[in-house]
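# Structural overview
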Amino acid sequence: QVQLVESGAGLVQAGDSVSLSCAASGRTFRVLGMAWFSQVPGQLREFVARVGWSDGSQLYVDSVKGRFTISRGNVKNTMYLQMNSLKPEDTAVYYCAATDVPGPPSRADSYAYWGQGTQVTVSS
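To start, this report covers the structure provided alongside it. Counting from 1, residues in each chain are numbered in the order their sequence is written. Where local features are concerned, this predicted model is filtered to residues with pLDDT of at least 70; where side-chain atom pairs are given and counted, the filter is 80 or more; whole-chain, interface and lining totals use all residues. Excluding hydrogens and water, the side-chain values take into account all heavy atoms of the structure.

## Points about the state of the cysteines
Filter applied, for reference: Note on terminology: pairs of cysteine sulfur atoms within 2.5 Å are recorded as disulfides. Every helix listed is a DSSP run of H or I at least four residues long, and every strand listed is a run of E at least two residues long, numbered separately from the N terminus. Using a 1.4 Å probe on the protein chains alone, a residue whose accessible area is under 20% of its type maximum counts as buried, one over 50% counts as exposed, and one in between counts as partly exposed.
Tallied over the full model, the rule gives one disulfide. Across a sulfur-sulfur distance of 1.9 Å, Cys-22 and Cys-96 are joined as a disulfide pair. When the S-S torsion is -70°, as for the bridge of Cys-22 with Cys-96, the disulfide is left-handed. On the criterion of sequence distance, the pair formed by Cys-22 in strand E3 (residues 18-26) and Cys-96 in strand E9 (residues 92-99) is long-range, its members being 74 residues apart. With relative accessibility at 0%, the residue Cys-96 sits in the buried group.

See the structure below:
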């Protein structure tokens, strides 16, 4: 089992920046990749970004390319999402996810472990 805890929620204005963190604990030595998903009420969770745990490879949804950066922290088992130039449409609950088995990196069902979610609200 892997436990995930997100932090860094906030209410910001359009154009501002927010940094989200995800701390992983438990059987983290088995983690192959970690990702961020977003969800708004009434909709499915949507892929935002993913980082490969061994090589740091990054994958982004087109809508955040050039604005968001996913990274592994220097502190072991920590992942970040730097969100710049935020837009009102970025408003969502952001979830940290981890997987210890191979699978399509942008599919929510590829990830077995999830954090509790953290709210990011961007006002216009």
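Still more ground to cover, so stick around.
## Some words on the pairing of strand E4 (residues 33-39)
Short version of the rule: Two strands pair under a simple rule: DSSP has to find at least two bridges between them.
Summarising burial for E4: six of the seven residues are buried, a large majority. Between E4 and strand E5 (residues 46-52), which follow one another and run antiparallel, lie six residues, and Gly-42 among them has a positive phi close to 85°. Across seven bridges, the pairing between E4 and E9 is antiparallel. Following the sheet pairing, Phe-37 is matched in E9 by Tyr-95.

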